[in-house]
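Understanding the architecture of this molecule
Now for the letters of each chain:
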Amino acid sequence: MAMAALRREGRRFAPLISPRPITAVRSSPIAPSHQDEGPIGVRYISTQVVRNRMKSVKNIQKITKAMKMVAASKLRAVQTKAENSRGLWQPFTALLGDLPSVDVKKSVVVTISSDKGLCGGINSTSVKMSKGIHKLNSGPEKETKYVILGEKAKAQLIRDSKKDIQLIITELQKNPLNYTQVSVLADEILKNVEFDALRIVFNKFHSVVSFVPTVSTVLSPEIVEREAESGGKLGDLDNYEVEGGETKGEILQNLAEFQFSCVMFNAVLENACSEQGARMSAMDSSSRNAGDMLDRLTLTYNRTRQASITTELIEIISGASALEG
Amino acid sequence: MLRQASRLLARGPILAARPRPFSTDLPAAQSADATFTEAWAKVIPNMDPPKTPLSFMQPRPPTPSSIPSKLTVNFVLPYASELATKEVDMVIVPATTGQMGVLPGHVATIAELKPGVLSVHEGNEVTKYFVSSGFVFIHANSFADIIAVEAVPLDQLDANLVQKGLADFTSKLSSATTDLEKAEAQIGIDVHSALNSALTG
């Protein structure tokens with residue numbers, strides 16, 4: 001069988017002398033059919049195989065570098081928008097406070113994720129947080145439903161929480177994000193989903209290497225009234241005069257809807273920034289790994305090449321010396 | 001190119017940090033977070049809890065005992081913060097109940113806005129914007145938050161287009177059949193007539 005393998009490779013059979021076996025190659029899931037076993041345990045890897053591998057690794061490195069550049073330019077574009085939108089949710093939090101631990105019967109978790117992959121671990125983090133919040137808000141008479149934005153969260157949540165998913169929205173970033181699109185989205189969600197509290201889970205963008213999972217809570221107007229009456233955080237809400245409209249309830253309804261769309265807009269932009277940033281760092285480490293792999297393969301290739309040259313020389317010289325003496 | 005990209009990116013967050021810097025875990029923010037973090041730690045001990053918006057914003061100052069001299073205004077749009085903690089003398093907002101003047105020491109109010117002119121008075125200068133709609137919150141500590149969906153300075157409005165728009169929507173209203181179309185046409189008429197009066201008045 002060894003002879004057949006050698007004939008296939010078209011190589012000379014190794015002589016009795018055994019050069020140092022090429023076992024130093026760590027990265028060799030190289031198929032055993034390309035390794036020839038000589039009689040004294042000499043192993044040769046065909047240089048063609050190594051060369052093919054080097055070519056493909058080099059291409060991978062180029063592709064990941066290009067993807068990193070693309071992500072960097074996209075990040076620059078979205079980052080200005082996201083930072084400008086940061087002032088949008090602050091007045092609402094200043095007025096209504098932030099009550100993530102509010103006790104409600106129906107909570108809806110809005111998970112924001114990306115459509116495309118290769119962006120590191122941010123989507124898994126969002127899904128883990130959403131599942132955590134689901135668990136936190138479960139109990140007798142309480143129910144938690146999901147509204148999913150983005151393909152990646154859909155893939156993960158559909159596996160075990162299929163019955164709790166109320167609405168799935170994908171292809172958010174087909175057109176550049178703007179407020180009109182997000183407000184239409186918010187309108188859809190508000191129309192189709194009953195809720196006492198909406199918890200929006202997203203990754204807030206701090207810097208190119210740091211993304212913080214965050215949850216923003218938006219309460220329905222009835223719960224706002226309930227909390228205002230019971231005092232505590234929202235106790236001062238009653239001190240506010242409400243201008244216009246027939247009833248206070250109507251204004252609070254409009255306020256809750258407006259708050260939801262503003263918070264969603266900021267959340268979607270921040271998540272988009274985090275996605276691009278995570279993709280940049282994932283592609284960067286990928287290119288670096290490819291570079292390392294390329295170095296190792298180059299060493300293997302050179303060793304193989306030199307070993308075969310040495311073998312040829314030995315054969316010739318030993319043949320010549322046998323003829324002489 | 002990569003170096004330039006990283007330089008630009010490094011500059012970006014720092015520039016934007018000045019109007020609203022990230023202040024992590026201020027003492028006022030701890031109380032809401034504490035109940036949440038405890039509940040989280042009990043149910044999901046392995047993961048850190050997610051952050052909440054309260055830890056990302058600066059707390060507002062409490063109500064002072066005497067009326068302050070200036071009103072602090074935050075005027076935000078989805079695309080920009082037009083005015084961030086700017087100290088002014090007075091603002092006039094187009095609330096649904098009419099033009100409302102806000103001075104320091106105004107009673108705490110929540111008001112919805114209708115399309116109209118917002119004017120900011122600082123000393124002798126007046127800046128006017130046309131806002132589409134939104135909300136205004138006036139807090140007891142003389143802070144006013146104006147959140148609008150769209151706002152343009154008046155000099156960027158074109159009178160001819162306004163007239164044309166008004167004519168369009170009036171004809172749409174007369175030819176509208178369903179309630180939805182009627183409502184949309186009516187909204188268009190309201191906005192355009194407000195634009196008209198803003199430009200003329």
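Residues numbered from 1 in each chain as written. Chains lettered and ligands numbered in written order. Predicted model: local features only at pLDDT ≥ 70, side-chain atom pairs only at ≥ 80, totals over all residues. Heavy atoms only, no water.

1. As for the overall build of chain A
The condition that has to hold: A run of H or I in DSSP becomes a helix once it reaches four residues, and a run of E becomes a strand once it reaches two; helices and strands are each numbered from the N terminus. For every residue, the accessible area obtained with a 1.4 Å probe (protein chains only) is divided by the maximum for its type, and the residue is called buried under 20%, exposed over 50%, and partly exposed between those limits. The contact definition used throughout considers only heavy atoms, calling two residues in contact when any of these lie within 4.5 Å. The protein chains shown are the only cover counted for residues, whose accessible areas, like all others here, come from Shrake-Rupley with a 1.4 Å probe.
Summing up its helical and strand segments, chain A has eight helices and eight strands in all. Looking at chain A residue by residue over its 325 residues, the buried ones come to 47%. Once local pairs closer than 6 in sequence are excluded, the contacts in chain A between residues at least 24 apart make up 74%. As presented, chain A carries roughly 16,000 Å² of accessible surface, and 53% of it is formed by carbon and sulfur atoms.

2. Quick notes on the overall build of chain B
Secondary structure assignment for chain B yields four helices and 10 strands. Listing the helices and strands of chain B from first to last along the sequence gives α-α-β-β-β-β-β-β-β-β-β-β-α-α. Burial analysis of chain B (201 residues in total) assigns 40% to the buried set. In chain B, once contacts between residues fewer than 6 apart in sequence are set aside, the share between residues at least 24 apart is 51%. For chain B, the computed accessible surface area is about 10,700 Å², with 58% contributed by carbon and sulfur atoms.

3. Considering the packing of helix H6 (residues 179–192) of chain A against helix H8 (residues 248–324) of chain A
Residues and elements named next belong to chain A. The cut-off we apply is this: To get an axis, fit a line to the C-alpha atoms, keeping to the stretch in contact for a helix; angles then go from 0 to 180 degrees between the N-to-C directions. Convention used here: angles under 35 degrees read as roughly parallel, angles over 145 as roughly antiparallel, angles from 65 to 115 as roughly perpendicular, and any remaining angle as oblique. Handedness of each helix crossing follows the sense of rotation of the near helix against the far helix: counterclockwise by less than a right angle gives left-handed, clockwise gives right-handed.
At a minimum axis separation of 9 Å, H6 and H8 run at an interaxial angle of 125°. Here H6 is positioned oblique relative to H8, judged by the angle of their axes. The element H6 and its partner H8 pack so that their crossing is right-handed. Of the residues in H8, those in contact with Tyr179, Val182, Ser183, Leu185, Ala186, Ile189 and Leu190 of H6 are Glu257, Phe258, Phe260, Ser261, Cys262, Met264 and Phe265.

4. Looking at the interface of chain B and chain A
Our working rule: Buried area adds together the accessible area that both of two parts lose upon being put together, with accessible area traced by a 1.4 Å probe. Whenever a carboxyl oxygen of Asp or Glu lies within 4 Å of a side-chain nitrogen of Lys or Arg, that contact is scored as a salt bridge. Contacts described as polar in this section are N or O atom pairs within 3.5 Å, which, within protein, must combine one atom able to donate a hydrogen with one able to accept it, while residues neighboring in sequence count only if both atoms come from side chains.
Residue-level contacts link 51 residues of chain B with 53 residues of chain A. Buried surface at the junction of chain B and chain A, summed over both partners, amounts to about 4,800 Å²; 75% is from carbon and sulfur atoms. Where chain B touches chain A, the interface holds zero salt bridges. The interface formed by chain B and chain A includes eight residue pairs in polar contact (both at pLDDT 80 or more).

5. A few points about the packing of aromatic side chains
Here is the rule we go by: Pairing of aromatic side chains requires ring centres within 6.5 Å, counting the rings of Phe and Tyr and the six-membered ring of Trp. Pairs whose planes differ by under 30 degrees are stacked, by over 60 edge-to-face, and all others tilted.
The full count for this structure, using the stated rule, is nine aromatic pairs over all chains. A ring pair is formed by Phe92 of chain A and Phe258 of chain A, whose centres lie 5.8 Å apart and whose planes are at 75°; its orientation type is edge-to-face. Taken together, the positions of Phe92 of chain A in helix H3 (residues 90–96) and Phe258 of chain A in helix H8 put the pair 166 residues apart, joining distant regions of the chain. For Phe92 of chain A, a relative accessible area of 0% translates into the label buried. The class for Phe258 of chain A is buried, based on a relative accessible area of 11%. Look at Phe265 of chain A and Tyr79 of chain B: their rings are 6.0 Å apart centre to centre, the planes differ by 85°, and that puts the pair in the edge-to-face class. One end of the pair, Phe265 of chain A, is in helix H8; the other, Tyr79 of chain B, is in the loop between strand E1 (71–77) and strand E2 (80–88), on a second chain.

6. Overview of the pairing of strand E6 (residues 116–122) of chain B
Put simply, side chains in a regular strand alternate between the two faces of the sheet. Residue and element names in this part refer to chain B. Note the following rule: Note: two strands are recorded as paired if DSSP finds a minimum of 2 bridges between them.
Counted residue by residue, E6 has six buried out of seven residues, so it is predominantly covered. The pairing of strand E3 (residues 90–95) with E6 spans three bridges and is antiparallel. Within E6, the residue paired with Ile92 across the bridge is Ser119. Where E6 and strand E7 (residues 125–131) come together, seven bridges link them in antiparallel fashion. Directly across from Ser119, in E7, lies its bridge partner Lys128. Taken together, E6 and the strand that follows it, E7, pair antiparallel across an intervening segment of two residues, in which Gly123 is found at a positive phi of about 65°.

7. What about the pairing of strand E4 (residues 143–149) of chain A?
Residues and elements named next belong to chain A. To be explicit about the condition: Place the viewer so that the strands point away; then a crossover is right-handed whenever the path from the first strand over the helix to the second strand goes clockwise.
Counted residue by residue, E4 has five buried out of seven residues, so it is predominantly covered. Taken together, strand E3 (residues 106–112), helix H4 (residues 122–136) and E4 constitute a β-α-β crossover, and its handedness is right-handed. Taking the sense of rotation as the criterion, the β-α-β connection linking E4, helix H5 (residues 151–160) and strand E5 (residues 165–169) turns out right-handed.

8. Topic: unusual backbone geometry
In this structure, Thr85 of chain B is a non-glycine residue whose phi angle is positive, near 45°. Mapped onto the fold, Thr85 of chain B is located in strand E2.

9. Description of the confidence of the model for chain B
Residues and elements named next belong to chain B. Note the cut-off: As a per-residue measure, pLDDT tells how confident the predictor is, with possible values from 0 to 100.
Taken as a whole, chain B shows an average pLDDT of 80; of its residues, 84% reach a score of 70 or greater. Here residues 8–29 scores under 50 on pLDDT; set against residues more than four positions off or in separate chains, the count is 33 contacts. Two summary scores accompany this predicted model of the complex, namely pTM at 0.81 and ipTM at 0.79.

10. Examining helix H2 (residues 47–84) of chain A
Formally: To estimate how far a helix should extend, the number of its residues minus one is multiplied by 1.5 Å. Two axes define the bend at a residue: one fitted to the seven residues ending there, one fitted to the seven starting there, and the bend is the angle between them.
In a regular helix each residue adds 1.5 Å, so 38 residues correspond to 56 Å; H2 of chain A covers 56 Å between its end C-alpha atoms and thus fits that length. Along H2 of chain A, the helix axis deviates most sharply at Val78 of chain A, where the bend reaches about 25°.

11. Section: the pattern of salt bridges
Residue and element names in this part refer to chain A. Counting across every chain of the model gives 17 salt bridges over all chains. As a salt-bridge pair, Glu188 and Lys191 come within 4.0 Å of each other at their nearest N and O atoms. Within this pair, Glu188 and its partner Lys191 are both found in helix H6, separated by three residues, close to a single helical turn. Using a relative accessible area of 59% as the deciding quantity, one classes Lys191 as exposed. Among the salt bridges present, the one from Glu227 reaches Arg226, with a minimum N-O distance of 3.3 Å. A single salt-bridge network, built from bridges that share partners, covers Lys68, Asp284 and Arg288.

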